[in-house]
Every structure is written in structure tokens, then in C-alpha cells.
Amino acid sequence: MAAALDYLRPASLAEALSLLSTIEGAQPVAGATDVWVGIRSKKHAPQALVSLKSIPNLRFILPDRDTDAYEGRAEGATGDSGVLLGAATTHGDVEDSAWMKSHFPAVHQACSGVGSRQVRNVATVGGNICNAAPCADSAVGLLLYDATLVVAGPQGERELALSEFFVGPGETRLGPAEILKEIKVPSPGPRTYAWYWKHTRRKGVELPLLGVGARVTLAADGTVDKARISLGVCAPMPTRSYEAEKVLEGQKLTAELAAKAGEVAAANALVRDTWRGRGWYRREMVRVLVPRVIGLSGALS
């Protein structure tokens, strides 16, 4: 007989942190779409699940939502077009947000492709990040925008860059009694173009063979002021291709330059063979898809 598993529903963040600090083997959950799979497959054996679903002020998109209920934050608190996401915001919330689609299209595209609509109604952006899978769509999208994570723990809150959060597959810099609270995404600025491509074998519910994102912010003279290339399933964790970004920055963006960035990204990708796809194929598709997503973003038009 399987050991009993306690399911606890704290009413506040402070109570949740207290439970995680005092119960050995306790694990926080929100949508729990990945956690339950791990438990049933016996990959995980937590002693207790601490649900975050009853905690207020963890599910929001600012400034997209009515902010009165969210600790008095004013609309636009993160800047004219920056966004603050509660960690318990679902992928469906992002998918339904016309504001996110307009201001952060790559994040909108990444979240809109996670699982089925039924899964997106439950699965949270924070959970997808903390699960730390190399194929985490929302993480690959958010890496394009220099997102910062707000983490709450027994000693208070701290912030760290999303790009520094992942340690390896399923491993993060989150402490044993810490909870991801919010995701801060700064304004990307004017003349910014971005796109995310989830490459799969079929259009239905599917994990990505790889995910490729590109963001280009142009200077007034048309040169690339800032470039971000993010990749999923091309390393042990969601990552950026810093060398490919350097190819673009400071240059006049052309199709030839975008193709060169794709070649550099492919050469530096830490791809490997899995039962779902071969390493050589992933590398080749990085070469093809990086210039494609740059083109789809509209930066070349």
C-alpha cells in the first residue's frame, strides 16, 4: 500500500512558507500537472503537497488585469509596457490576454502551445519554470525579455535573473523552503520584434522537439540595439545563445546576418540524442529556425 500523502491548503504565503520550513519532504504545488505525473511514475515521492491555489495575489497579469485586488498595485507599476506575472498565473490566462499578445508576443506564443487547453487552464507559468524541464516553453519565451524572478522564503524575498535560475534538468536555485512568487518582465522598448517557434512532429498536444525564440530591438538608425536568442531542448536547461546574439548586435539586420546567427546558434547548441529526436536533427533545425523566427517577428520587413 502506498504511503499516505498529505495535501495542505494554506490561506497565505506566510503559512505556506511555514509549512515548507517545518514539514520534511513537503513540496509546493499550484496546477500540479507535472507533479502528479511524477508521483504516479514514482519519480517523486514528496511527504506532503502544499497547495498554493488558495493563496491570494499569486495569479495576475499586470497591467492587463484589474489591479484593485492585488495589494494596491497601480496599473503600469513595472513601467509603461513591462509586465508583472503572478507565479500562479495559468498558461490559459496568458493565452487569453490580448495585452500579452500585443506587448510580449513570444511569451504569448510559448504559453499558448503548452499541452491542451484543458492543461493550460490549470498549469501555471511559475510551475513550468520551477519544473525546470529543458523543454519548458514559457521559460524559453521569457528568456527573450530578460525576466527576473521574485522568490519568497523564510528570510524574506530575493530576486534573481531567470537566465541564472536553472542549474540542470529539474534543478533550480530555489531553496527547499522557498516559493516563486512573481515574474518581472521589463519593457522591451520601442522597435522590438519577437517570435517563438515550438517545433513538433504534429500540431496536436505535443512536447517540443525543440523550441526557438528570437527577439530583436532596433536602434533609431536601424541597427540591432539588443538581440536575444533562446533555445529549448538544446541544452540541459532552457538557455540563451549568447554567441548568436553577438552576431546580430550592432549590425544592420539582413537575411544573411540572420542566417549567420542561426549557424552560430546551431554550432554552440548542446544538443543530444533522445528517444524523441536525434541530436544532429535538432542542430540542423536550430540553424533553420533561428533566421525563420527572426523573419516571422517582422524585424526584417
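Keep in mind it's a predicted model, so treat the numbers as computed, not measured.

**Student:** I tried to follow the domain arrangement of the protein chain on my own but got confused; where do I start?
**Tutor:** Interfaces are often sized by the amount of accessible area the parts lose when they come together. The domain boundaries assigned to the protein chain delineate domain 1 (6–51), domain 2 (61–185) and domain 3 (192–297). The distance between the C-alpha centroids of domain 1 and domain 3 comes to 35 Å.

**Student:** I would appreciate a short explanation of the packing of helix α10 (residues 255–268) against helix α11 (residues 279–297) in the present structure.
**Tutor:** The angle between the axes and the distance between the axes are what describe a pair of packed helices. Between α10 and α11, the least distance of the axes is 8 Å, while the angle of their chain directions is 145 degrees. Pair α10 / α11 crosses with right-handed handedness. On α11, the residues touching A258, A259, A261, G262, E263, A265, A266, A267 and N268 of α10 are R283, V286, R287, V290, P291 and I294. Residue composition of the contact of α10 with α11, by class: ten nonpolar, two polar and three charged.

**Student:** Honestly, the nonpolar core in this entry has me stumped. Any pointers?
**Tutor:** The nonpolar side chains of a soluble globular protein tend to be buried, and buried together. In terms of nonpolar packing, the biggest core is built from 35 residues, with M100, I129, L142, L162 and I183 touching the most fellow members. Of all the secondary structure elements, the ones that give two or more residues to this core are β5 (83–86), α4 (98–103), α5 (105–112), α7 (125–131), α8 (137–143), β6 (148–153), β10 (179–185) and β11 (192–199). Taken domain by domain, this core gets at least three of its residues from each of domain 2 (61–185) and domain 3 (192–297). Within the second largest apolar cluster, 30 residues are counted, among which are L210, I229, L289 and I294.

**Student:** What am I meant to see in the pattern of salt bridges here?
**Tutor:** Going through the model one piece at a time under the given rule, you end up with 16 salt bridges. One salt bridge in this structure joins R120 and E95, with 2.8 Å as the shortest N-O distance. A residue pair is termed long-range when its members are at least 10 positions apart, and R120 in helix α6 (residues 117–120) and E95 in helix α3 (residues 91–95) qualify at 25 residues. Here the salt bridges do not stand alone but share partners, grouping D146, R215, R228, R240, E245 and E249 into one network.

Analysis parameters
- Residues numbered from 1 in each chain as written.
- Predicted model: local features only at pLDDT ≥ 70, side-chain atom pairs only at ≥ 80, totals over all residues.
- Heavy atoms only, no water.
- Domains from an automatic or database assignment.
- Axes fitted to C-alpha atoms, helices over the stretch in contact; angles between N-to-C directions.
- Helix = DSSP H or I, 4+ residues; strand = E, 2+ residues; numbered from the N terminus.
- Left-handed = near helix turned anticlockwise from the far one by under 90°.
- Contact = heavy atoms within 4.5 Å.
- Nonpolar A, V, L, I, M, F, W, Y, C, P; charged D, E, K, R; others polar.
- Core = buried A, V, L, I, M, F, W, Y, C linked by side-chain atoms within 4.5 Å.
- Buried < 20%, exposed > 50% of the residue type's maximum accessible area, 1.4 Å probe, protein only.
- Salt bridge = Lys/Arg side-chain N within 4 Å of Asp/Glu carboxyl O.

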